[in-house]
Structures are given as structure tokens and as C-alpha cells.
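Report on the structure
Now for the letters of each chain:
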Amino acid sequence: MEFFHDIYIGFGTALLPSNLIYCFIGVLVGTLVGVLPGLGSPTVLALLLPITFHIPKDGALIMTVGIYYGAQYGGSTTSILVNIPGEATSVVTCLDGYQMARKGRAGPALGISAFGSFIGGTISVIGLMLIGPVMANFALRFGPPEFFSLAFLATVMIIFLVKGSKLKSFISATLGFIVGTIGLDYVSGIPRFNLGTVSLMKGMELVPVAIGLFGMAEVLVNLEQKSMERNIFKTNIRGLLPTQKDWKESILPISRGTIIGFLLGLLPGAGAIMASFSSYIVEKRLSRHPESFGNGAIAGVAGPETANNAATGGAMVPLLSLGIPTNAVTALLLGAMLIHGVHPGPFLIKNHPGTFWGVIASMYLGNLFLLILNLPLIGIWVKILKVPYRILLPLIVLFCLVGAYSASNDPYDVLIMIVFGAVGYLMRKTGLEVVPFIFAMLIGPLMENGFRQALLSSRGNLTIFFTHHISAVLIGASFIVIFISIFQKWRSKGKGYRDQGVV
Amino acid sequence: MSEKDNITRITGFVTALLGIGILWEGRHLTRGILSHPGPGFFPTLLAILLIVLSLFLIIPKWKNEEEREAFPPWPAFYKQLIPIYAALLAFIGLLDFVGFILLTFLLMFFLFVKVSYLKWYTAMSAAFVSTGITYLVFGMILKSSFPKGPLGF
């Protein structure tokens, strides 16, 4: 009965007219972001964070979460019509989606991607609703050692599961942890690394850092592109509703995509990108006609597009119940929640039931909005795609400047944003991943807090992290992740040598 | 040694220097002992970790194939980058003197000409519209207080 009572509370919050409007704006902006290549959801979320300061807490969170899953919907449109993924999570959709468009089947490709996204997104919300409270209840047993170990596991997974060099990801995370220590020490009240300035005493604010790392750096990276023109495939988009045959070929990929997406969404560092790729690989392996993949197989669109949306529900589980973000967007959502005085974690359901269940209920409504919105709006998205990217760049710069300034009306924050814009650009150029950095910057205080409090309570005995069972399991899991990663690398290296005939 | 190896090595040097800088800047912070870790404890651990990790980037022998990934070319767009960054820094420096509206209009005009390659009259119109909408949304609807110049706006 309590469960239904909670749902009732959630819909009571989500169905308030103001929250419905925020949800609608969130999913609409999210879709637009997803449609525009080069403007990822972390960028836009970073840019919109200052606006949420002016909105009531529940509405702000409903809107920001809406942007997150709305972007997954929009990403497929460009993949199918332009062969350029709007979001990294839609890269794999290009393979078959664009081929379908070339064969005059853009309509069914867009249609099945919208329906798959709706099904995956909605079912993953049910998963979130069932697992989230159980996990939060379990986490009530957590003390400082457990929180340290959990943050440690999440960091290890972010480092080892993101693409690119693990060493550079590790360096990037370490830099993020260091930036997270700037400001007043919460125990002694002593300022750390504030360079003698008052502005840095409050610590490095998330908004200017995130806007710089994602927004400004995005502009700089895009300035490098010699050609920013996009060739939109000219085709009549008609017959958006998939045929019976299309449904028959898609229903199992959609079902599998939902499960794969939700489970991978739970893992830090894996998320929607890995979900969409895994779904594609699974569908190709299970298909009776694997040769059709890459040539316009509808299963190659349905599975990944479902998986990337299902991953958003999965990613909300550790965020809401443990306070652990699993990717850049959920890290920014964590920041948005903290700004509004909401501390995600085991006590969220107890202290803010309306917010917790309201956000979840809004995800049902948002998914419905997206389905209703997207099919008729595809024509408009195509028109927006024709806006030259060079026109958008100055507008993004303007948004970065105003966003960073309006967060606290302090020109110093604009300077921080500009500095981190250059830092973000250099990080991209040198292969230092931005995601572990922002993740570590946000999770760092939790980790340090847990570490220091655990050592204080154990009088400096480091075995406290192993004598507490949950902590020991989490630390053990971290080492398993490290071991598997090293083993896989060693195996691929050995394979490389064998292929070259060295061994 | 290829350009990307060089840049990886430079990255290692820079991050190692940052680690040394953190140790230097945090030298006054009490590190404490394991049973009573002070405010300098965690940052010191992190700085040492950063220096050690950076060594793996600096010493080529320790670098494996993974770090020798394809390196994106360095930009030939410094002719755009430097003026844009100079304009942004000027924006911060002049904000309190010139005022938000006029300065934003000038910056947007500059960006539309420099980045979007618009003709001056189109750039001026675009700058006017974008500045106006921004002020309307942030200044009037969201009530952010922007600095005013000598002309009162």
C-alpha cells in the first residue's frame, strides 16, 4: 500500500501545472539538444543550470532530468537523416538508420526509434521505481567507510570504463579530486588552495567549471572544424508508423535493449553509450541475417535506440538512492540537486519524498510527451538542422558568459568559466577525459569526508575499510574491475603479438 | 619521436608540475597523522599520486600502445582563438565600466563577424537581437542583476 501511496505523492507533484510545464520544456529542450550535433546534453545542462536557480526545486529537477532523457530521443534524428549522431549515444544508430533513410525508409526508422525510446524509457522508470527505494534502504546502513568505498568503486569504474587511455583518465580524475579540495576545509575551517582570494574560499563552483569544460570547450573544438556544413539527406519523411513487419522484427530487440540499457545504465562509466553499442552487437549476433546489419536493418535501430533511453532510468538509480553519479550528465544533475539543497542518497526518499517520487513520476509523463511531440515535430527538427553551426557558436559563447555570470552575479565566475574553457579544450586535445574530472570534482568531498571520518573513528587503522562487510565487498569489487581491465589488456596485447607472429 | 609523443610527454610534465605546485601551495596545511588526518592529508596524497601518474606519461619506456593513440592535430585556428579569448577577457575587465548591454552587443557583433563570417550589417542585427533576448530572459524575467554602464544600461 505504501508503494501506491508513494506513487500518488509522485504524481501529485509531477501533475502540478507548473511542473508539467517544466517537464515539457525539459524534454523539448533535451530533444532540440539531441538533434543538434556538437551540442551534447552535458553542455546544455551546464548552460541551463543557472536558469534552474530561479525555478522552484521540484520544477528545476524535473526540467533538468527531462533534458537528460529528452536528448536521447533527439540524438537519433540526426543519426538517421544526416548520418551525424546528435549524441554520442546515437553513434551506432547511424549504421542502419542512415541506410534505411537512403532506401526511402527514414519514416519507419524515426518511428521505431521513437517508439523504442518510449518503451525503453518507460520500462526503465518502472525499474528505477522498484530498485531505487530498495537500494536506498540498504544504503541506510552505510557509514563513512562504506561511503568512501562506494566512491572509490565508482571512481574505479569511471576510470576503467570510459573510452581512451586509462592512465589519462586516472590523471584526469586525480586533477578533479584536487580541484574538489579547493575552498574551506569542512572539518577545520581552514582555507585550502584559494590563492589568497575570497572568491575561491567557497570552493570551485560547479556552474562556471561545467560551463567552461563543456560549453566553452565545445565552441573551441568546433571552431577547428574546417567544414561545419551538414548535408541533410533529401527524402520525403512519410509513414512514420512502423508496419506490422517492422514491429515483428523490432519487438525482441526493443525488449532486449530495455534490459541491456537499464542494467548498463546502473554502472558508473558504462551508461548509455555502452548500452547502445552492446545492444547493437547482441542484435547482430542473434540475428538470422547478420549481413543485413549496416545495410538498413530495422533491428539495428530499434535495439540501440531503446537501450540508450533505458540507460537513463538505470543511471538515475545510483544517483537518487546513493548520491553517486554514473556519467557527466548525472554528475551535473547531482550538482543541480545540491544547489537546490537536495542531497541525493539514502535519506532523499525520507527527507524529500515529493521530490524523489515527483521526479520519477515526471519521467513517465516526459516519455509520453516525447512520443507525442517527436513524431509531428520531426519536420521542424530537420529545418533546425539546416541552421549553419557557425551561427550557433557565438550564441553558445553568449550563453556561457551569461550563464556563468548570472549564477552568482560575480565576474570572477566568468573568469573561471573562461579558464576552464581553455582547460577543457586542452584536455580534449591531450586525451585527458573530461568526465572523470567533473565526476571526481563532485564526488571528491564525499570521498575525503568518508576517508577522514573512517580513520578518525578507527584511530588510524586502515583495516576499517575491510572489516566492515559492505565496505570490504565494495573495495573487493573495485579490485575485480581493475583486475579484469588489466587482464583484458594483457590478453589483447598477447593476441596482437600472436597476430604479428611474434609468439 | 612523433609530435603526439611529444605532446603526451608535455602533458605529463604539466600535470607533474601541477602536482608539485599543489605540494608547494599546501605546505602550510597540517597533514596530521593517520589517526587524525588534517586538511592537508588528502591533497598531499592526491598530489603525490598525480606526480607518480605523470611520470608514466613522461617516460616513454613506460608508455604503452594505449597512450600512443591517434592524436588530433593542433589547430591552425589560432588566428581566431587568440582574438576570441582576448575579447572574452576584455569583456570581464570592462563589464563594470561599460555595462552589460552595450558590452554584450559589441562582443556579439565581433563574434558574428569573426566566427560566423556575417556581413557587418547582418552581424549588427544578429548582435542586437541576441543581446536583447538575453537581457529580456536573464535580466527582466529571471531578475539577474547585470552591471550598468555610465549611460545607465
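Worth saying up front: this structure is predicted, and the values here are computed from it rather than measured.

Some words on the overall build of chain A
Looking only at helices and strands, chain A has 20 helices and two strands in total. Relative to the globule expectation of 23 Å for 503 residues, the C-alpha radius of gyration of chain A, 22 Å, shows essentially globular dimensions. Dimensions of chain A along its principal axes, counting C-alpha atoms only, are 70 × 60 × 60 Å. At a minimum sequence separation of 6, the contacts of chain A that also span at least 24 residues come to 79%.

Structural notes on helix α5 (residues 93-102) of chain A
Residues and elements named next belong to chain A. Across the 10 residues that make up α5, a large majority, eight, are buried. All buried positions along α5 are accounted for by T93, L95, D96, G97, Y98, Q99, M100 and A101. Where α5 is buried, its residues contact α4 (57-81), α6 (106-139) and α12 (299-322). Phi turns positive, to about 80°, at G104, one or two residues after α5.

With respect to the environment of L377 of chain A
All names here are of chain A. Mapped onto the secondary structure, L377 falls in helix α15 (residues 353-385). Under the C-beta neighbour-count criterion, L377 is labelled partly exposed, with 18 such atoms within 10 Å. Between the C-alpha atom of L377 and that of G261, which follows or precedes it by 116 residues, the distance is 26 Å.

A short note on the interface of chain B and chain A
Each partner contributes to the interface: chain B provides 49 residues, whereas chain A provides 46 residues. Looking at the side of chain B that touches chain A, the elements that each hand over two or more residues are α1 (3-25), β2 (36-37), α2 (41-58), α3 (78-98), α4 (100-114) and α5 (120-141) of chain B. In terms of residue class, the side of chain B that touches chain A is built from 31 nonpolar, 14 polar and four charged.

Focus: the packing of helix α7 (residues 144-161) of chain A against helix α8 (residues 166-180) of chain A
Residue and element names in this part refer to chain A. Two elements in contact, α7 and α8, have axes separated by 8 Å at closest approach and are oriented at 140°. Between α7 and α8, the crossing angle belongs to the class labelled oblique. The two elements α7 and α8 cross, and the hand of that crossing is right-handed. Contacts between α7 and α8 involve T155, I158, I159 and F160 from the former and K166, S169, F170 and A173 from the latter.

Focus on the nonpolar core
The biggest cluster of nonpolar side chains holds 189 residues, and the ones touching the most others in it are A210, I211, L332, C400 and I438 of chain A. Each of domain 1 (3-68) and domain 2 (78-141) of chain B accounts for three or more of the residues forming this core. In this structure I211 of chain A touches A46, L47, M216, C400, G403, A404 and M417 of chain A, once residues within four positions along its chain are discounted.

Observations concerning α6 of chain A
Structurally, the α-helix is built with 3.6 residues per turn, so residues lying three or four positions apart point the same way. Residues and elements named next belong to chain A. Relative to the 50 Å expected for 34 residues at 1.5 Å per residue, α6 spans 46 Å between its end C-alpha atoms, a close match to the ideal helical length. At I131, α6 is deflected by roughly 30°, the largest bend along its length, and proline P133 occurs up to four residues later in sequence. With 26 of 34 residues buried, α6 lies mostly within the body of the structure.

The rules behind the values
Residues numbered from 1 in each chain as written. Chains lettered and ligands numbered in written order. Predicted model: local features only at pLDDT ≥ 70, side-chain atom pairs only at ≥ 80, totals over all residues. Helix = DSSP H or I, 4+ residues; strand = E, 2+ residues; numbered from the N terminus. Rg over C-alpha atoms; globule rule 2.2 N^0.38 Å. Contact = placed C-beta atoms within 7 Å. Buried ≥ 20, exposed ≤ 12 C-beta atoms within 10 Å, placed from the backbone. Nonpolar A, V, L, I, M, F, W, Y, C, P; charged D, E, K, R; others polar. Axes fitted to C-alpha atoms, helices over the stretch in contact; angles between N-to-C directions. Parallel < 35°, antiparallel > 145°, perpendicular 65-115°, else oblique. Left-handed = near helix turned anticlockwise from the far one by under 90°. Core = buried A, V, L, I, M, F, W, Y, C linked by C-beta atoms within 7 Å. Domains from an automatic or database assignment. Expected span 1.5 Å × (residues − 1). Bend = angle between axes of the 7 residues up to and from the residue.

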